[in-house]
Amino acid sequence: MKRVAPWLFLVFVLSACGTAQTPPQFVTLRPLAPPLSCAEFFPQGDWQYVHAIRFHLASGGGGSAIGVVVLSGQDIRCALTTVEGLTLFEGRVKGSGPVEILRALPPFDRQHFADNLLKDIRTLFIPPLGLVRQGQLADKARVCRYETADGAIADIMETKDGCWRLQTYNPEPQRNRSVRAYSCEWTAQSGLMPSQLELIAPGRNGYTINLRLISAQRLTPNP
Amino acid sequence: MNVVRKLSLLLALTLITWSTAFAMPEQPRVQLQSVQANFFQEKHLPILAQPITSRGVFAFQAPRFLRWEYLYPVRTLLLVHNDSMKKLVEVDGKLVNDPDLATNSMQLVLEEITNWLAGRFSDNPAFAASFPDEHTIVLTPKDAGLAAIISRIDLHLQGKDGLIDTVLIHEGPDAFTRLVFSDAVLNLTLAESLFTAP
């Protein structure tokens, strides 16, 4: 139990001071036909997800929690609870606005924790920022490459098992993330929905978060 | 960090205690030697369209053997055997130790358990107890810091034995956890290994 609070906290604090990582060289993207629908890698519409979370620090240690993410238009609401039901954190962000902490126990009541938690949630569930191009990498994997004006790149690639993986390359290398989705199911309503997600923040102070989907509920937009 | 750790432990273990059989203070107390039951848990939050549900089983044997096991959605197991306590969590299909249960927290929880089983609600330093009717016990935090986390706890008793039927833990507006117990079996002789090993 002790591990839940401190390690979760450390995960997101340490993410801000990870080891620098040099992005690898990319091969030239080649156009594909028919075009890959980049948006379908991410949830379509409004959803509530509940995940069982298991996390590990590169430096050792880890823990478990329950995570809730509610995607509603451009807004995100989220919560972390213990398995026993105690609310550790509840927050929301409207569009690109600041993260608002609705309820949190120490040390989760710090803005730095909330900001980094929401960044990882965006990486997992929201299409990256930037202009998107489609193409193919050297290993034949189809890719959607998002690139922002400041040079941040995010590649999301199909995998042979019908799922996807994502790699970010940022001007601040310590912000990079790798995500692997497993056991995806595709529906027109949901896009590609993975049953499991793994997010890796590399480096000496990095961490790995595994999310196992407990429930996914399509939300009806308010009239 | 201590706050979360202690509260999590307190929550987990006092739930075990609340779910065991006891009677209202003015009534003869059930002679409880052991109890086994199922539980169903709902976690409600304002942001949730539907509550998070969990289920599991527990066992208690007087004076200080406890087993509290979530089977869904995350399998975890809490074992208390006299003065030793351990928590296990399922990782990759195997139960592994969660190694950092603090000794002082364990002591705190065991003291709580002892009070609850004896029906000494007023002895609990953290909560004030009131009895609005013969089937309800309301616990209110004495400390403002704790009240910001758990605003109130309602215990609902059912039947002549005064078995706890439902526990409501209120955290704030529209944020609460409901535990419903079922299929309780009292006073069987339970194997000691039930409280020492998965």
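An account of the accompanying structure is given in this report.

Rules behind the numbers
- Residues numbered from 1 in each chain as written.
- Chains lettered and ligands numbered in written order.
- Predicted model: local features only at pLDDT ≥ 70, side-chain atom pairs only at ≥ 80, totals over all residues.
- Heavy atoms only, no water.
- Phe/Tyr/Trp six-rings, centres within 6.5 Å; stacked < 30°, edge-to-face > 60°.
- Buried < 20%, exposed > 50% of the residue type's maximum accessible area, 1.4 Å probe, protein only.
- Helix = DSSP H or I, 4+ residues; strand = E, 2+ residues; numbered from the N terminus.
- Disulfide = S-S within 2.5 Å.

### Focus: the packing of aromatic side chains
- Using the criterion set out here, one finds twelve aromatic pairs over all chains in the structure.
- On the numbers, 5.9 Å between centres and 10 degrees between planes, the contact of A:W47 with A:Y49 is stacked. When sorted by exposure, A:W47 lands in the same class as A:Y49, which is buried.
- Note on B:F39 and B:Y70: the rings are 5.2 Å apart at their centroids and 85 degrees apart in plane angle, and the pair reads as edge-to-face. Here B:Y70 lies in strand β3 (residues 65-72) and B:F39 lies in strand β1 (residues 34-44), a separation of 31 residues in the sequence.
- Owing to a relative accessible area of 2%, B:F39 belongs among the buried residues under this scheme.
- What links up through ring pairs into an aromatic cluster is the set B:F39, B:F58, B:W68, B:Y70 and B:F181.

### Re the state of the cysteines
Residues and elements named next belong to chain A.
- Under the criterion given, the structure shown has two disulfides over all chains.
- Across the disulfide, C38 is cross-linked to C144 (sulfur-sulfur distance 2.0 Å). Measuring handedness by torsion sign, the sulfur bridge of C38 and C144 sits at about -90 degrees and is left-handed. A residue pair is termed long-range when its members are at least 10 positions apart, and C38 in the loop between α1 (4-14) and β1 (47-57) and C144 in strand β7 (residues 142-147) qualify at 106 residues.
- You can call C38 buried: its relative accessible area is 6%.
- Covalent S-S linkage joins C163 and C184, the inter-sulfur distance amounting to 1.7 Å. Since a negative S-S torsion denotes a left-handed disulfide, the C163-C184 link at about 85 degrees is right-handed. Placement of the pair is C163 in the loop between β8 (153-158) and β9 (164-169) and C184 in strand β10 (residues 178-187), with a sequence separation of 21 residues.
- Numbered by order of appearance in the sequence, the disulfide-linked cysteines of chain A pair as 1-2, 3-4.

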